[in-house]
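Each chain is listed here by its residues.
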Amino acid sequence: MSDIAISAENISKIYQKGKINVNTFREEFEMFLNRLKGKKIHQQNANWVLKDINFEIKVGEVIGIIGKNGAGKSTLLKILSKITQPTLGTIKIKGKIASLLEVGTGFHPELTGKENIFLNGAILGMKKNEIKAKLEEIIDFSGVESYIDTPVKRYSSGMYVRLAFAVAAHLEPEILIIDEVLAVGDADFQKKCLGKMKDVGKAGKTVLLVSHNVGIVSAICEKSILLEKGNLINFNSTSVIVEQYLGANVDKKQKYEVNLSTIKEKEAYIVKAFTCDEAQNFKSNFGFNESISVMMTVKIQKYVPKITLSVVLLDKFQNRVCTLLEGIEKNVTKDELTYFVTFPKNIIAPNSYSFFFVIYVPNQSIFIDEEANNVCPITIYDTGTEFAKYEGGNYGNVILEAQWKKL
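Residues numbered from 1 in each chain as written. Predicted model: local features only at pLDDT ≥ 70, side-chain atom pairs only at ≥ 80, totals over all residues. Heavy atoms only, no water.

Draft legend 1. Structural context of the overall build of the chain. A tally of helices and strands in the chain yields 8 helices and 18 strands. Classification of the 407 residues of the chain by burial places 46% in the buried group. For the chain, the computed accessible surface area is about 21,600 Å², with 49% contributed by carbon and sulfur atoms. (Helix = DSSP H or I, 4+ residues; strand = E, 2+ residues; numbered from the N terminus. Buried < 20%, exposed > 50% of the residue type's maximum accessible area, 1.4 Å probe, protein only. Areas by Shrake-Rupley, 256 points an atom, 1.4 Å probe, with all protein chains shown as cover.)

Draft legend 2. Up close: empty space enclosed by the protein. Summed over all chains, the structure comprises 2 cavities of 30 Å³ or more. A volume near 30 Å³ is recorded for the second largest cavity. Around the second largest cavity, the lining residues are Gly287, Phe288, Glu290, Ile292, Pro344, Lys345, Asn346, Ile347, Ile348 and Ile380. In terms of residue class, the lining of the second largest cavity is made up of 6 nonpolar, 2 polar and 2 charged. (1 Å grid on protein atoms, 1.4 Å probe; cavity = no way out; pocket = protein on both sides within 12 Å on 5 of 7 lines; lining within 4 Å. Points joined across faces, edges and corners; volume = space filled by probe spheres on them. Nonpolar A, V, L, I, M, F, W, Y, C, P; charged D, E, K, R; others polar.)

Draft legend 3. Representation of the sheet that holds strand 14 (residues 308–315) within the structure. Reading across the sheet, the 5 strands line up as 12-18-17-14-15 and stay open at both edges, with mixed pairing between neighbours. Edge positions in the sheet fall to strand 12 (285–287) and strand 15 (320–327), since each of these pairs with one other strand and no more. Averaged over all neighbouring strand pairs, the angle between strand axes comes to 30 degrees, with direction disregarded. As judged from the 7 bridges shared by strand 14 and strand 15, these two strands associate in the antiparallel manner. Along strand 15, the bridge assignment pairs valine 312 with threonine 323. (Pairing = 2+ DSSP bridges. Axes fitted to C-alpha atoms, helices over the stretch in contact; angles between N-to-C directions.)

Draft legend 4. Spotlight on the nonpolar core. Among the nonpolar cores identified, the biggest contains 47 residues, and Ile117, Leu163, Phe165 and Met197 are the most heavily contacted of them. Looking at this core element by element, the count peaks at 10 residues for helix 5 (residues 157–170). Counting residues in each nonpolar core, the second largest holds 37 residues, with Val271, Phe286, Leu313 and Tyr339 among its members. (Core = buried A, V, L, I, M, F, W, Y, C linked by side-chain atoms within 4.5 Å.)

Draft legend 5. Expanded view of the state of the cysteines. Within the structure shown, the criterion is met by 0 disulfides. With no disulfide partner, cysteine 376 has as its closest neighbouring cysteine sulfur the one in cysteine 276, 9.9 Å distant. Residue cysteine 376 is classed as buried on the basis of its relative accessible area of 2%. (Disulfide = S-S within 2.5 Å.)

Draft legend 6. Representation of the environment of glutamate 222. With respect to the element layout, glutamate 222 can be found in the loop between helix 7 (214–220) and strand 8 (223–228). Each C-alpha atom of the pair glutamate 222 and serine 237 lies 5.8 Å from the other, and the pair is 15 residues apart in sequence.

Draft legend 7. Structural view of the layout of surface pockets. The computed volume of the largest pocket comes to approximately 360 Å³. Broken down by secondary-structure element, the contributors of at least two residues to the lining of the largest pocket are strand 5 (97–100), helix 3 (113–123) and helix 5. No other element matches strand 5, which puts 4 residues into the lining of the largest pocket. Class assignment for the residues of the lining of the largest pocket results in 11 nonpolar, 6 polar and 2 charged.

Draft legend 8. The sheet that holds strand 10 (residues 256–257), seen in detail. Pairing within the open sheet is antiparallel, and its 4 strands lie in the order 10-11-13-16. Unpaired on one side and paired on the other, strand 10 and strand 16 (336–343) mark the two borders of the sheet.

Draft legend 9. Quick look at the pattern of salt bridges. Following the criterion strictly, the structure yields 8 salt bridges and no others. Taking the shortest distance from any N to any O, the salt bridge between lysine 92 and glutamate 9 comes out at 3.9 Å. Taken together, the positions of lysine 92 in strand 4 (residues 88–93) and glutamate 9 in strand 1 (residues 4–16) put the pair 83 residues apart, joining distant regions of the chain. By relative accessible area, glutamate 9 is classed as partly exposed at 35%. With its nearest N and O atoms 3.7 Å apart, the salt bridge here joins lysine 266 to glutamate 371. With a gap of 105 residues between them, lysine 266 in the loop between strand 10 and strand 11 (268–276) and glutamate 371 in strand 18 (residues 366–381) connect regions that are remote in the sequence. One continuous salt-bridge network, built from bridges that share partners, spans Lys266, Asp369 and Glu371. (Salt bridge = Lys/Arg side-chain N within 4 Å of Asp/Glu carboxyl O.)

Draft legend 10. Geometry of the packing of helix 3 against helix 4 (residues 128–142). Direction vectors running N to C along helix 3 and helix 4 enclose 130 degrees, while the axes themselves pass 10 Å from each other. Our classification of the angle between helix 3 and helix 4 gives oblique. As for the relative orientation of helix 3 and helix 4, their crossing is right-handed in sense. For the pair formed by helix 3 and helix 4, the contact residues are Lys114, Ile117, Phe118, Gly121 and Ala122 on the first element and Lys128, Ile131, Lys132, Leu135, Ile138 and Ile139 on the second. Of the residues contributing to the contact of helix 3 with helix 4, the split by class is 7 nonpolar, 1 polar and 3 charged. (Parallel < 35°, antiparallel > 145°, perpendicular 65-115°, else oblique. Left-handed = near helix turned anticlockwise from the far one by under 90°. Contact = heavy atoms within 4.5 Å.)

Draft legend 11. Main features of helix 4. Given a rise of 1.5 Å per residue, 15 residues ought to cover 21 Å, and the 20 Å separating the end C-alpha atoms of helix 4 matches this to within 8%. At lysine 134, helix 4 is deflected by roughly 45 degrees, the largest bend along its length. Buried residues of helix 4: Ile131, Lys134, Leu135, Ile138, Ile139, Phe141 and Ser142, and no others. Looking one or two residues beyond helix 4, the residue adopting positive phi is glycine 143, at roughly 75 degrees. (Expected span 1.5 Å × (residues − 1). Bend = angle between axes of the 7 residues up to and from the residue.)

Draft legend 12. Examining the environment of leucine 309 more closely. Checked against the element boundaries, leucine 309 lands in strand 14. Residue classification places leucine 309 among the buried residues on the basis of a relative accessible area of 2%. For the pair formed by leucine 309 and tyrosine 360, sequence separation is 51 residues and the distance between their alpha carbons is 6.7 Å. Setting aside chain neighbours within four positions, we find leucine 309 in contact with Ile270, Met296, Val298, Leu324, Leu325, Glu326, Ile328, Tyr339, Val358 and Ile359.

Listed below in structure tokens is the structure:
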């Protein structure tokens, strides 16, 4: 199939715990034969870093790879880059690969930045004339013009990343594989990298990107792979994968329920509350471009005039971000009232938050119920804003669109 750039069939990788050199020559040879025959391998003290990984990536797709530390992401990229071989399974790759798996991959420390550009190009199978044609563009993109004739052993980690990415992205490989190294670069350079990766994808090249920053993955990847403990959990649209990744360890206690021992003789109290989507389905992870809704049930035991329900959004330091108020009217048909309130999208900055639900009487300092404090924690993640390192950054808690005029 000519449109398939990478095909992985039953890829598994095994290491033995406590050994530096994993196997003897005989063991390695037996594993090689078993791999050819497709036999399963059983070893004591075995650690399956990857197990039965199957996927196909089409030419021109930009794919994200997401997972916690130890999920097997970097091992998978090393197998795809042919740095290491799988214990079982086969990889079929169409086209030249450029890999950026760690700072300075493929660089010789004693050579200058310019000499390493030619070295990397040669490794990728580029001819000298082809590299020369791209040389000025690579140097300009990297931003290390002043140091291009300096041995790279004197570069900072950020300069390493700048030059390494510039080389990998500009020498026109059919497949570009990038690990978390972009986290070393500054925000402006990351923004340039995002733009370049988008351009590479639009040019019909294939890109694989590993990152813990779901904002970066959401910005450029239409589809993503989710790995967990060496297993491929899902391969789907990035929005689905990000939601599954962030919600993997959601604690159902994030739904607030009243402790009946605290009710006593309260005129009213909050029975339960939880965050949800607009369809009223429980949800605790929201994209920046998604609205945030809260469902609350309030029980009124004795009506109090001007009684008010307050929904306070708290940041991770429990500072108040904003407050929504609603007057509670006595319902003659039932004493439990359900409220549904929605915070608009594209306003609350990506970060961690929680809620404070209060029933009180305004201007009288009468607090009827304030037990639900710092409950219903949520995460708002970046869905691909112009800020390359947006999530968790010091941008405040509220992002507002404003009209600017130059006077």
